[in-house]
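Each chain is listed here by its residues.
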Amino acid sequence: MTDLNDLKYTSDHEWVLIDEDPAEGVDAGGVVVGITAYAADKLGDVVFLELPEVGTAVAAGEVVGEIESTKSVGELISPVDGTVTEVNERAVSEPELLNSDPFGDGWLIKVTVAEIPGDLLSLEQYREVTGE
Amino acid sequence: MTERLSPLDAIHRAAGATFTDFAGWQMPVRYSSDLAEHRAVRTAAGLFDLSHMGEIVVVGPEADRALDYALAGKLSASVEGQAKYTLLLARHGGVIDDLVVYRTGADRYLVVANAANAEHVADELRARTAPFDCEVFDESDDMALIAVQGPKALEILTNTPGFGIQGDGNDHDDFVHAVTGMKYYRAVAAEYAEQPVLVARTGYTGEDGFELYVSPDQAPALWEALAETGEPHGLVPAGLASRDTLRLEAGMPLYGHELTRDTFPAQAGLGRVVALGKEVDFVGRAASEEGPAADAPVLVGLASEGRRAGRAGYALFDGDGADASEVGVITSGALSPTLGHPIAMAYVAPRHAATGTTLYVDVRGTRIAASVVDLPFYRREK
């Protein structure tokens, strides 16, 4: 179970796990990106995911994917500058993982980064954004 | 604008519902999962709060004639206990609202309007029926509406204690007999805990089911009773999100999507709802007789492969190349939970409306092939 205090957040409702623990299996200098339970709950049942391909260069603030639910379409906005190193193919084939385990098996992409942006939010700051 | 709350609001909050603003009302959009609620209605039953709908009573010796003039259907031909799907047309022939009208007495009708249009419908009915000997009462604030929908709906309703038939000594067996034998689009004046409730075999999900019109005071107890009886039968509370995918699969038009003031009923496949055969004049008659222009877009069903759904407002093209022309627009679309592939309703130019035609949906920059198919997408086995 992921400790939510260990993650960083964006006001676009992405979470970022910064690789400080090799046991997590993340490449050094990499981050894992997903969407928060709050976002998954607001979207409703996720039925389709479009994620960037491995090797895609992404920039912070840029739309890099789509998350479709029964009712609406959400955007995946990259929280970092970097290159996509891995895509969660299991989540692509089982998009319901974003609802059932958004902080775990429902992760979306891994990205190598040169620098972690300074404006990511703590859990406390993120909870102020969502008002929850 | 103040948010209006359903009389069942506290129950929904206790159940952990997610809410949405719907025509000024805070209504439950889902309780747990849209898909689970959708599937429950298809396989067992769902319990819906529709208290935001508008209920308008038209009563008086000339109520039947007044409604024949005010609405597109021949309401005078309804018998007591009968419901009719009908339209409130503008003089120019467009649709102001789609309605279900119950004849609840010889001189009494209950008109059910969409929440967003309820006040306007009441105003229009008052104005149109003014020359007749009848009165119009907007009773939207005095009526809650609970729907039980799904193959288990009858079983759940008849097993819920506390029902009786009005004026019949509140005998449960009489109630069971009455609702079991009731045809689709019929209603009976019943009682729940000795208070009046109109029990109608109507709905908006493509399943068998009942809609219960009850006083707001009585609604929480009725909801809890149905929920308790229904739970072992697989009944779950269901929100507006599942209601939308259910009605879409059933090919049922939604006001503001398939129906608007600029839409002629004939374009939406509802020409039969306009009773041009009735002898009297009615608002919108002249325009309806003339009909829409020959090249006016018509409503079609679309089915596509994969999982990416075209949604309301997405454009349709006659090809996937740069030289393709825009030939229509989607009014409602979703990945069908029952069928497993994307479905949509769309208005397209008549020359592209034939069943089997391939069109291309612009899904945020990607053209996805879709076939014109017959509506509805889903039809329950009877």
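Quick caveat, the model's predicted, so the values are computed rather than measured.

What counts, and at which threshold
- One numbering rule holds for all chains: residues counted from 1, following each sequence as written.
- Lettering for chains starts from A, numbering for ligands starts from 1, and both go in the order in which the items are written.
- Per-residue local features of the predicted model are confined to residues with pLDDT of at least 70, and side-chain atom pairs are confined, for both listing and counting, to 80 or more; whole-chain, interface and lining totals are unaffected and use all residues.
- Side-chain calculation: all heavy atoms of the structure are included, whereas hydrogens and water are not.
- Only DSSP runs of H or I covering at least 4 residues are called helices, and only runs of E covering at least 2 are called strands; the numbering of each starts at the N terminus.
- Here's how the labels work: a residue is buried when its accessible area is under 20% of the maximum for its type, exposed when over 50%, partly exposed in between, all with a 1.4 Å probe on protein chains only.
- The contact criterion used throughout is that any non-hydrogen atoms of two residues lie within 4.5 Å.
- Cavity means a closed set of points on a 1 Å grid over the protein atoms alone, one where a 1.4 Å probe fits but cannot get out, pocket means an open set with protein on both sides within 12 Å along at least 5 of 7 lines, and lining means a residue has an atom within 4 Å of a point.
- Grid points are joined across faces, edges and corners, and a volume is the space filled by probe spheres set on the points.
- Defined in terms of a 1.4 Å probe, buried area is the accessible area two parts forfeit on being brought together, summed over both.
- Each reported salt bridge corresponds to a side-chain nitrogen of Lys or Arg within 4 Å of a carboxyl oxygen of Asp or Glu.
- A 3.5 Å cut-off defines polar contacts: any pair of N or O atoms within that distance qualifies, except that in protein one atom must be a possible hydrogen donor and the other a possible acceptor, and neighbouring residues in sequence count only when both atoms are side-chain atoms.
- Pairing of aromatic side chains here covers Phe, Tyr and the six-membered ring of Trp, requires ring centres within 6.5 Å, and sorts the geometry by plane angle: under 30 degrees stacked, over 60 edge-to-face, intermediate tilted.
- Charge over a ring is defined by NZ of Lys or CZ of Arg lying within 6 Å of the ring centre and within 35 degrees of the ring normal.

Here we look at the environment of Ala 90 of chain B
Residues and elements named next belong to chain B.
- Within the secondary structure, Ala 90 sits in the loop between strand S6 (83-89) and strand S7 (95-105).
- By relative accessible area, Ala 90 is classed as buried at 5%.
- For the pair Ala 90 and Val 283, spaced 193 residues apart in sequence, the C-alpha separation works out to 6.7 Å.
- Discounting residues that sit within four places of it in the chain, Ala 90 has contacts with Ile 96, Arg 128, Arg 261, Val 283 and Gly 284.

Topic: empty space enclosed by the protein
Residues and elements named next belong to chain B.
- A complete count under the given rule lists one cavity of 30 Å³ or more for this structure.
- Estimates place the volume of the largest cavity at around 40 Å³.
- What lines the largest cavity is Leu 302, Ser 304, Ala 309, Gly 310, Ile 330, Pro 342, Ile 343, Ala 344, Val 361 and Ala 370.
- For the lining of the largest cavity, the secondary-structure elements that each account for two or more residues are strand S16 (298-304) and strand S19 (342-348).

Some details on the interface of chain B and chain A
- Between chain B and chain A, the residue contacts involve 16 residues of the former and 15 residues of the latter.
- When chain B packs against chain A, close to 1,300 Å² is buried across both sides, 44% of that on carbon and sulfur atoms.
- For chain B, the biggest contributors to the area lost against chain A are Arg 307, Arg 308 and Arg 311 of chain B; these three give 37% of the whole.
- Inspection of the region where chain B meets chain A yields six salt bridges.
- At the boundary of chain B with chain A, the tally comes to 14 residue pairs in polar contact (both at pLDDT 80 or more).
- When residues of the side of chain B that touches chain A are traced back to their parent elements, those giving at least two are helix H2 (34-43), helix H8 (240-249) and strand S18 (326-335) of chain B.

What to know about the packing of aromatic side chains
All names here are of chain B.
- For the structure on display, the rule yields seven aromatic pairs over all chains.
- On the basis of an interplanar angle of 40° and a centroid distance of 6.1 Å, the ring pair of Tyr 69 and Phe 132 is categorised as tilted. Taken together, the residues span a long stretch of sequence, with Tyr 69 in helix H3 (residues 63-70) and Phe 132 in the loop between helix H4 (118-129) and strand S9 (135-138) at a distance of 63 residues.
- The class of Tyr 69 is partly exposed, set by a relative accessible area of 21%.
- Using a relative accessible area of 17% as the deciding quantity, one classes Phe 132 as buried.
- Aromatic rings pair up to connect Phe 163, Phe 175 and Tyr 192 into one cluster.
- It is Arg 42 that lies over the ring of Tyr 378; its NZ or CZ is 3.8 Å from the centre.
- If you follow Lys 278 out to its NZ or CZ, it ends over the ring of Phe 282, 4.5 Å from the centre.

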